Amino acid sequence: MKYFSMGVVLLWVGTSLVSADLLRIIGSEVPVNGQITSIDRGGVLVSVVGGTESIPWDRISQIEGEQLGERVGWQRWGARGEQLNLIRRRMERGDFTGAERLLRELPAREHAQMDRSDLFVADATLRCLLNRGALAEAVVPLLDVTRGLRSGLSADWEPIVDSETGWCAWLPPLLPDNVARDRLAYDLRGYGTPSDPLMGSLVAQWLAIAEGEQLDDTGLLMCFVRAIYGDRGDRQQARQQLESMLAAADAEKEIWIRFAIGWSLLSESGRGRQRAGVAELAWLPATQGEANPMLTGWALAALSAHMRQDDRPGVAQTLHRMLAARYPTHPAVSNAHSLTQLLMRTHQEEKTTP
């Protein structure tokens, strides 16, 4: 964060003279003129004509004023403020890789109480991880964003998390069976026991998903999990529950519901149910390609895997090329085998179950 002396710029306050400060704000052509009265971890408080303004670090692109280095809190928080601003700038121009690198350089939060800068960090981390398809790693930031929003903190851009449910349309419970999933389970076991019942329920649900378990819950998240990962009876019951949700579902939830129903039907042995599953999954790239690229990419990958198992390698290859062309950075482009293994496992269960 660059700053420099303005010479001697003064404001009258009663009978005393104080230095004036000028703050340039991202997204505003009009700077804030006043006097910085406090500097803390979350941002700065500025006394202006008619009251005060509280400005978070990530929005401050430049501060101009006298002897900033001697202000209480500047030495402690100024450098962190500069880092947060750089992160925001990179994200706003689409440089998620650069933003994530800067996020990883931030010291870990050492206190339980979140402030607005913590919400910004959690939200930015969530977006960066989702952008590169690191779904297991994105769960804890998702929980942090939900907790921050529910505690009354606000984000300067529109959140991608529903504070009423903790649901994020971009984070389906499609967790790879690898070290990241094991690490998630470890992190969730140490996440704490939030007093907020919703947070407690979310932690329990995601822990069950990470550990390969299923909870007796009729919400969208666990119905999605049972429809895909459950045994034959659970899958059928979950599909019925999901179908009952369709009438009241908004556009984002409809994508989740149709995806889960489609994938679930592909896991069945009957040709008719598999064809119905193909139709449900094909609906996503046909009509909703840009609404949720994450799920649409997984739908194309699942269709490709199914066609390969159905001895139609040419169609499978065409679908995979479509996936790579539309969403070249999608995790399914380089990790399609995880879907194939899941579909093969459920088909094998069907064959061996009497």
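Residues numbered from 1 in each chain as written. Predicted model: local features only at pLDDT ≥ 70, side-chain atom pairs only at ≥ 80, totals over all residues. Heavy atoms only, no water.

A few points about the pattern of salt bridges
Consideration 1: Applying the stated criterion to the full structure yields 21 salt bridges.
Consideration 2: With a closest N to O distance of 3.1 Å, Asp 115 and Arg 41 form a salt bridge. Taken together, the residues span a long stretch of sequence, with Asp 115 in the loop between helix H2 (96-105) and helix H3 (116-131) and Arg 41 in the loop between strand S4 (32-39) and strand S5 (43-48) at a distance of 74 residues.
Consideration 3: We classify Asp 115 as buried; its relative accessible area is 16%.
Consideration 4: One salt bridge connects Glu 254 with Arg 258, and the closest N-O pair in it is separated by 2.9 Å. You can see Glu 254 and its partner Arg 258 sitting in helix H9 (residues 251-266), four residues apart, about one turn around the helix.
Consideration 5: Through salt bridges with shared partners, a single network forms among Arg 41, Arg 80, Asp 115 and Asp 118. (Salt bridge = Lys/Arg side-chain N within 4 Å of Asp/Glu carboxyl O. Helix = DSSP H or I, 4+ residues; strand = E, 2+ residues; numbered from the N terminus. Buried < 20%, exposed > 50% of the residue type's maximum accessible area, 1.4 Å probe, protein only.)

Observations regarding the packing of helix H11 (residues 293-309) against helix H12 (residues 313-326)
Consideration 1: Between H11 and H12, the shortest axis-to-axis distance is 7 Å and the interhelical angle comes to 165°. Considering their axes alone, H11 and H12 lie roughly antiparallel with respect to each other. For the pair H11 and H12, the crossing hand works out as left-handed. Between H11 and H12, the contacting residues are Thr 296, Gly 297, Leu 300, Ala 301, Leu 303, Ser 304, Met 307 and Arg 308 on the first element and Pro 313, Val 315, Ala 316, Leu 319, His 320, Met 322, Leu 323 and Arg 326 on the second. (Axes fitted to C-alpha atoms, helices over the stretch in contact; angles between N-to-C directions. Parallel < 35°, antiparallel > 145°, perpendicular 65-115°, else oblique. Left-handed = near helix turned anticlockwise from the far one by under 90°. Contact = heavy atoms within 4.5 Å.)

Notes on the side chain of Arg 181
Consideration 1: Inspection of the secondary structure puts Arg 181 in helix H5 (residues 179-189).
Consideration 2: A relative accessible area of 13% means that Arg 181 is categorised as buried.
Consideration 3: Polar side-chain contacts of Arg 181 include one of 2.9 Å to the backbone oxygen of Ala 210.
Consideration 4: Arg 181 has contacts with Ala 136, Leu 175, Pro 176, Ile 209, Ala 210, Glu 211 and Gly 212, leaving out every residue within four places of it along the chain. (Polar contact = N/O pair within 3.5 Å; in protein donor to acceptor, adjacent residues only side chain to side chain.)

Quick word on the confidence of the model for the chain
Consideration 1: Per-residue pLDDT for the chain has a mean of 83; in total, 86% of the residues score no lower than 70.
Consideration 2: Confidence drops under pLDDT 50 across residues 1-18; counting only partners more than four residues distant or on other chains, this segment forms 39 contacts.
Consideration 3: Every residue in residues 350-354 scores below 50 in pLDDT, and together they form seven contacts with partners more than four places removed in sequence or on other chains. (pLDDT = per-residue confidence, 0-100.)

Description of the pairing of S5
Consideration 1: In the sheet, S4 pairs with S5 via four bridges, with the strands oriented antiparallel. Paired with Ser 38 across the bridge in S5 is Leu 45.
Consideration 2: Between S4 and S5, which follow one another and run antiparallel, lie three residues.
Consideration 3: Pairing analysis gives six bridges linking S5 to strand S6 (residues 51-56), with the strands arranged antiparallel. Pairing of Val 46 across the sheet is with Glu 53, part of S6. (Pairing = 2+ DSSP bridges.)

Considering the sheet that holds S5
Consideration 1: Spatially, five strands are ordered S6-S5-S4-S3-S7 in an open sheet, and the strand pairing comes out antiparallel. If you trace the sheet from one side to the other, it starts and ends with S6 and strand S7 (60-64), each paired once. If you compare each strand with its neighbour and ignore which way they point, the axes differ by 45° on average.
Consideration 2: In the packing of helix H1 (residues 74-92) onto the sheet, contacts are made with S4 and S7, and the angle to S7 comes to roughly 140°.

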